[in-house]
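Listed below are the residues making up each chain.
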Amino acid sequence: MEQQIVKVKNKKGVRVIPGFGLSMGVTLAMLGCLVLIPLASIFISASQLKPGEFLDVVTSRQVVSGYAVSLSCAFFAALINAAFGIVLAWVLVRYDFPGKRLMDGLIELPFALPTAVAGISLTYLYSDQGWIGSIFAKIGVDIAYTRIGITIAMVFVGIPFVVRAVQPVLEKLDRQYEEAALMLGANKLYTFFRVILPELFPALLAGFGLAFARGIGEYGSVVFIAGNIPYKTQIAPLLIMTKLEQYKYADATAIALVLLVISFLLMFLINSIQIYMQRFSKA
Amino acid sequence: MKKEEDLEKNINPDAVGDGIHSIQKVIEPPKHASRPIVKYILIAVSALFLLVMLVIPLIVALVNALGDGWAAYKEAVLDEYTLKALALTLLATVSAVLVNTVFGMFAAYLLSKFYFRGRQALATLIDIPFSISPVIAGLVFILTFGNIGWMGDFLKAHDIKIVFAVPGVILATIFVTFPFVFRELFPVMNAQGNDEEEAAALMGAGGFTIFRRITFPHIKWALLYGVILCTARAMGEFGAVSVISGHLRGKTNTLPLHVEILYNEFNTTAAFAASSILVILAALVLIARNIVEWKRK
Amino acid sequence: MYVEMKHINKTFDGFQASRDVSFGVEKGHLAALLGPSGSGKTTILRMIAGLDRPDEGDILIDGKRVNDLPGSKRGIGFVFQNYALFRYMTVADNIAFGLEVQKKRKGEIKSRVEELLELISMKDLGKRFPHQLSGGQRQRVAFARALAPNPQLLLLDEPFAAIDAKVRRELRTWLREMIGRVGVTSIFVTHDQEEAMEVADQVILTNLGRVEQVGTPEEICLSPQTDFVREFIDAKRFEALMGIEKEEA
């Protein structure tokens, strides 16, 4: 979503390079068959629901609490990731230290590690028997099978999005802005928050949005640690799954549609903010 | 006294050949180790975060896999169903990588080399699978090809099974990894511009010759990178496949699903043992990724 | 002497950017650091500002050795080559930045910002953002921002490099006049000899990290002391320039 399409020179419709028809045909055919037509099914199915039915499903207590759990946990996880993501990106760009390359490579681990594996490992680690969970259990804090556990799993899957969004921007950031602030007498902390952070903000927002969206939709790594307690730790994707297992396809479709709309709105909002922020970058 | 750190040196970058004796010399920024406390605190915070959030879970998986000894591990890994699940995972992964590579190359070529109405919209559509919950990705195939789906009757009449069968698993895997190769190729092709292709076309080269001789050499590393990312995601896909597979042991179970079943049967050691195969594959992918990234630079 | 450089040496990763650099600038003067690219003039400016540290030698400002003083405590205003205006702040916020950092009272900041906006003839543009300004306007804002905390010394790094050739001449005259009006000691870096000769009271000509000659523009043009200076100064162009100025006068 950060990718911006640079206008191709040849705007007059004169196409010198061959292959337009073929590549257009293949692209549309594959996109249509593999993504768009299946995706359309959800809207076709949803259109067959009666509005009353639809509302009953998506406003039922269980479903509303599912959305609430997914959205709130994903939001907090994305916030945590934004904070740590900036620190990690800063450390990786600005400092030299032994093990830096390893650290850089590790960031990608959640992309590479299958979510189910992450899920059972995190559950094991944070259960009241686990290495970390047992420490917290002593002070009376349960992590696995609570919203804290869900948030931790979402932090796990979301961290690479923020780091990889911020890192390249920080690398390219002109040092003159910092030097200007320092010359005017600002200390490092003030310079960071007033001058550097605004420069990083569009990228940070993109990373935050991707991590947030991923958290809302995430299933594999969350489902084990969530424990699926109704009204408490049932996440929205799990509700869809449960309805499917009960062959309640209409209910599953309704829940999915709302989740889909939330994701699209989120992406749209973040895109709009970024387009707005781009205006400043001309200077 | 604090000395402001890492201040970059910059010698008049724009003035080339404007005076006599002009020398061009690139100067590295000096690495002052100033305010080391802040530096070390930030590095420590980062390392701790990665340790707790990423490294320890990984160690947990490996330690538990060997929790009941080597023999138990070997037995769990060489279990018939585990191997069948691995085979299906590999089949789905290879299919997804092939399909998405073909798509990625055509789509990136189309969007970077030609200007047409709706270019931006098309790019957005391609990205859709990224922002969709994998569970929903599985659901859309059930709503299309399942018994209640609008193609359900047609498939039944011709005795084709997609949902709760291998084709469904493959389709779902393709769906969730659909944009991966495209997203790596597109920025590279876009940045490269059209001049070389136009020159070749004016000399009479055909589309495939242009792609093979001109475009491809520029994108081979990006392509490999995209393939690696696609592989990683495809072999680990869980949610979408979980919805559509029907969890038929030995038939439609992929390795991640097999892990789930073992885990839910309280067969923890076997679950972690099966996971360890995926962990090793993930490690290989990470190493390959780092090598490719290093080569690209 | 208000600013004095004494036997400064500076090396970056094996590249010697300054070799035994010594010169001084009188209080209230406008000095030009002139030289081809890579001659080490920007390094000198950055060392005066405290953005780089010399390996050897002393930097004196107002008689005090400032080597160990951070740049922000040296009473210096710095105008960066690309201005480095803060993109997400308005013109007024940019100018106010240095005052806010000093925790000045709100009213005081406001009146000082207004005063400076008036000085740079941009009274009504305080609410604009940098991307809504022309190149020349941006330079004026950078100038005002550097002046806001009342520095005793103003440093400008290639102040006209990012500006259209057409407007450059106009802006030069403007800057010369402004610095004269404010009365702040100033040093600017340039690779354009015409610019240096026209604007500065004093020229410090550098080459390959060394100071070749220090003097008034006339001294440098009329009695160049080294082969390099002779080569670098295009005598004809200088005469032509003087001719034009005479005609105008």
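Since we're looking at a predicted model, the values are computed, not measured.

Draft legend 1. Region of the structure containing the overall build of chain C. Check the secondary structure of chain C and you find 9 helices and 10 strands. Relative to its length of 249 residues, chain C is compact, with a C-alpha radius of gyration of 18 Å against a globular reference of 18 Å. Projecting the C-alpha coordinates of chain C onto the three principal axes gives extents of approximately 55 × 50 × 30 Å. For chain C, the residues scored as buried account for 58% of the 249 residues in total. Long-range pairs, those at least 24 residues apart, make up 66% of the contacts in chain C with a sequence separation of at least 6. In the structure as shown, chain C presents an accessible area of about 10,600 Å², 46% of it carried by carbon and sulfur atoms. With 35 positive and 37 negative side-chain charges, chain C shows a spacing of 7 Å between the two charge centroids.

Draft legend 2. Representation of the packing of helix α1 (residues 20-47) of chain A against helix α3 (residues 80-113) of chain B within the structure. As a packed pair, α1(A) and α3(B) sit with axes 8 Å apart at the nearest point and diverge in direction by 130 degrees. Here α1(A) is positioned oblique relative to α3(B), judged by the angle of their axes. Crossing geometry of α1(A) relative to α3(B) is assigned as left-handed. From α1(A), A:F20, A:L22, A:S23, A:M24, A:V26, A:T27, A:M30, A:L31 and A:L34 reach across to α3(B), where they touch B:V99, B:V102, B:F103, B:F106, B:A107, B:Y109 and B:L110. For the contact of α1(A) with α3(B), the per-class residue count stands at 14 nonpolar, 2 polar and no charged.

Draft legend 3. Inspection of a nonpolar patch on the surface at higher detail. On the surface, A:I37, A:I44 and B:W150 cluster together into a nonpolar patch covering about 270 Å² of accessible area. Residue position: B:W150 is located in the loop between α5 (134-145) and α6 (152-157).

Draft legend 4. Spotlight on helix α10 (residues 207-236) of chain B. The terminal C-alpha atoms of α10(B) lie 36 Å apart, and with 30 residues this falls more than 12% below the ideal 44 Å at 1.5 Å per residue. Where α10(B) bends most, the angle comes to about 65 degrees, and this point is B:F216, followed within four residues by the proline B:P217.

Draft legend 5. Broad picture of the sheet that holds strand β5 (residues 64-65) of chain C. All names here are of chain C. Pairing in this open sheet of 4 strands is antiparallel, and the strands run β2-β1-β4-β5 from one edge to the other. Single-partner strands in this sheet number two, and they are β2 (15-25) and β5. By the bridge criterion, 5 bridges tie strand β1 (residues 3-12) to strand β4 (residues 56-61) in an arrangement that is antiparallel. Note on β4: the bridge partner recorded for N9 is E56.

Draft legend 6. Layout of the packing of aromatic side chains. One pass over the structure, following the stated rule, counts 32 aromatic pairs over all chains. Here the aromatic rings of A:Y219 and B:F238 are separated by 5.7 Å at their centres, their planes lie at 20 degrees, and the arrangement is stacked. Residue A:Y219 is located in the loop between α10 (188-217) and α11 (220-226), and its partner B:F238 is located in the loop between α10 and α11 (239-245); the two belong to separate chains. Exposure remark for A:Y219: the relative accessible area of 3% places this residue in the buried category. On the basis of relative accessibility, which here comes to 0%, the residue B:F238 falls in the buried class. A connected cluster of aromatic rings, assembled from ring pairs, spans A:F20, B:Y109, B:F114, B:F116, B:F211 and B:F216. Taking the ring centre of A:Y231 as reference, the NZ or CZ of A:R61 above it sits at 3.9 Å.

Thresholds, definitions, all that
- Residues numbered from 1 in each chain as written.
- Chains lettered and ligands numbered in written order.
- Predicted model: local features only at pLDDT ≥ 70, side-chain atom pairs only at ≥ 80, totals over all residues.
- Heavy atoms only, no water.
- Helix = DSSP H or I, 4+ residues; strand = E, 2+ residues; numbered from the N terminus.
- Rg over C-alpha atoms; globule rule 2.2 N^0.38 Å.
- Buried < 20%, exposed > 50% of the residue type's maximum accessible area, 1.4 Å probe, protein only.
- Contact = heavy atoms within 4.5 Å.
- Areas by Shrake-Rupley, 256 points an atom, 1.4 Å probe, with all protein chains shown as cover.
- Lys, Arg positive; Asp, Glu negative; His and termini not counted.
- Charge placed at Lys NZ, Arg CZ, Asp CG, Glu CD.
- Axes fitted to C-alpha atoms, helices over the stretch in contact; angles between N-to-C directions.
- Parallel < 35°, antiparallel > 145°, perpendicular 65-115°, else oblique.
- Left-handed = near helix turned anticlockwise from the far one by under 90°.
- Nonpolar A, V, L, I, M, F, W, Y, C, P; charged D, E, K, R; others polar.
- Patch = residues over 30% accessible without salt bridge, like charges linked within 9 Å, V, L, I, M, F, W, Y side chains within 5 Å.
- Salt bridge = Lys/Arg side-chain N within 4 Å of Asp/Glu carboxyl O.
- Expected span 1.5 Å × (residues − 1).
- Bend = angle between axes of the 7 residues up to and from the residue.
- Pairing = 2+ DSSP bridges.
- Phe/Tyr/Trp six-rings, centres within 6.5 Å; stacked < 30°, edge-to-face > 60°.
- Lys NZ or Arg CZ within 6 Å of the ring centre and 35° of its normal.

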